[in-house]
Amino acid sequence: MVLIFDESYLEHQQNYMHPERPERLEAIVEKMRAESLWNNVVKPEPATVEDVMLNHSERYIRRIRDSPEGYIDPDTYLRKKTYSIAMKAVGGAIKAAEMAYEKKETSLALLRPPGHHAVESSSMGFCYFNNIAIAAMTMADKAQRIAIIDPDVHHGNGTQDSFYANEDILYISTHQRYIFPGTGSISEVGSGKGKGFTVNIPFDNGCGDASYEMAMEKVIHPVIKQFNPDMIMVSLGTDAHYEDLLAGLNLSSKGYVDLLNGIHGLAREICHGRFAVFLEGGYALSPLSEIVTGFYGSTQGRDISLKHTDISDKKGLGMATIRSVLDTQKKYWDL
Ligand SMILES: [Zn+2]
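Basis of the calculations
- Residues numbered from 1 in each chain as written.
- Predicted model: local features only at pLDDT ≥ 70, side-chain atom pairs only at ≥ 80, totals over all residues.
- Heavy atoms only, no water.
- Buried < 20%, exposed > 50% of the residue type's maximum accessible area, 1.4 Å probe, protein only.
- Helix = DSSP H or I, 4+ residues; strand = E, 2+ residues; numbered from the N terminus.
- Pairing = 2+ DSSP bridges.
- Axes fitted to C-alpha atoms, helices over the stretch in contact; angles between N-to-C directions.
- Parallel < 35°, antiparallel > 145°, perpendicular 65-115°, else oblique.
- Left-handed = near helix turned anticlockwise from the far one by under 90°.
- Contact = heavy atoms within 4.5 Å.
- Nonpolar A, V, L, I, M, F, W, Y, C, P; charged D, E, K, R; others polar.
- Donors = N, O, S within 2.8 Å, 3.2 Å for Na, K, Ca; no water.

Undergrad: In this structure, what is going on with the pairing of strand β5 (residues 106-109)? I would like to understand it.
TA: The side chains of a regular strand alternate between the sheet's two faces. Alternating residues of β5 divide into Thr106 and Leu108 and Ser107 and Ala109, and every residue in both groups is buried. Of the strand pairs in this sheet, strand β1 (residues 2-4) and β5 are connected by three bridges, and their pairing is parallel. In the sheet register, Val2 faces β5, and the bridge partner there is Ser107.

Undergrad: Can you walk me through the sheet that holds strand β10 (residues 275-279) in this structure?
TA: Picture the strands of a sheet paired through backbone hydrogen bonds; they go either parallel or antiparallel. Here we have eight strands laid out as an open sheet, ordered β2-β1-β5-β10-β9-β6-β7-β8, and parallel in their pairing. Bordering the open sheet on either side are β2 (41-42) and β8 (198-203), each of which pairs with just one other strand. With four bridges connecting them, β5 and β10 associate as parallel partners. What sits directly across from Ala109, in β10, is Phe278.

Undergrad: For this particular structure, what's the right way to read the packing of helix α4 (residues 82-103) against helix α5 (residues 131-138)?
TA: Each pair of packed helices can be summarised by the angle the axes make with each other and by the distance between the axes. Orientation of α4 relative to α5, taken along the N-to-C sense of each, is 45°, at an axis distance of 8 Å. Classified by the angle their axes make, α4 and α5 are oblique. Crossing of α4 against α5: the hand is right-handed. Residues Ala86, Ala89, Val90, Ala93, Ile94 and Ala97 of α4 form the contact with α5, whose own contacting residues are Asn131, Ile134, Ala135 and Thr138. Taken together, the residues of the contact of α4 with α5 break down into eight nonpolar, two polar and no charged.

Undergrad: I would appreciate a short explanation of the coordination of the zinc ion in the present structure.
TA: When four donors bind a metal tetrahedrally, each ideal donor-metal-donor angle is 109.5 degrees, and when six bind octahedrally, the ideal angles are 90 or 180 degrees. Bound to the zinc ion on the protein side are Asp152 (OD), His154 (ND1) and Asp239 (OD), at distances that span 2.0 to 2.1 Å. Expressed as a motif, the donor residue spacing for the zinc ion is D-x1-H-x84-D. With a relative accessible area of 1%, Asp152 lands in the buried category.

In structure tokens:
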């Protein structure tokens, strides 16, 4: 087990009163320390421009480096330090992927800024460079097939875009329907050779634990087993938690930890434990920190006690969504 972290991730600032704030990572570090889990911390090197160019245009990279301070899209603010910290976040993501692949162990990259909304030539939704997409691309000469699972409450449009026509990188997202960024409908399944290698599970407001368990059992588990990846990566946003006010899904902390453990189990079963987790969103500090710590603890045989464990979705409000996903995806997978 290894943690990837750099002090500079705490220095990244959006504008004032922004939900994507340094306190998010501070809360995680504090909780991990309190549980004596803050060890095996690896400090990454910054990514190179060449690495970032695997997913972004050179012109856009220069824009992030050279633009004056201010908003670069309606949600994302640029400061003088943003470029160098974002390069270190990409570097952290690459390091996590390498360590997970080479050492066959769980790597947890505690990154800021997040990345899954960033597209080739634009920032979006608090993201500048797409950390997980770039990390997956740097592994292309080693891992033949990579599965990316994205349980952030927002659809990872940037990551989906990067691999939409790609049959070697499977992208599966659970998210809330009709909120930012507006993409991620069930009918978005990939294009050309990549058809069937994008799987979207857009839940309605209110879906929680039982819906996610069903998604895992009926869709994620069988698709991953058939895809048979060499490595599994997770875009971990904890903003589908019921305490998180940026959206309306109702996953509990235990639901999140169970979901992560379920995916981790698949990585151990299928790809020798090659498993890397990359922090994306999650704005309610107490759930964010206990989910990350709870998962990391459980990979080391520890049972961390969780506070936010109310379960409102007991029956699986998302059943209709999952049925439609199955109807669409059974053209590509045995479901
Ligand atoms: Zn999010």
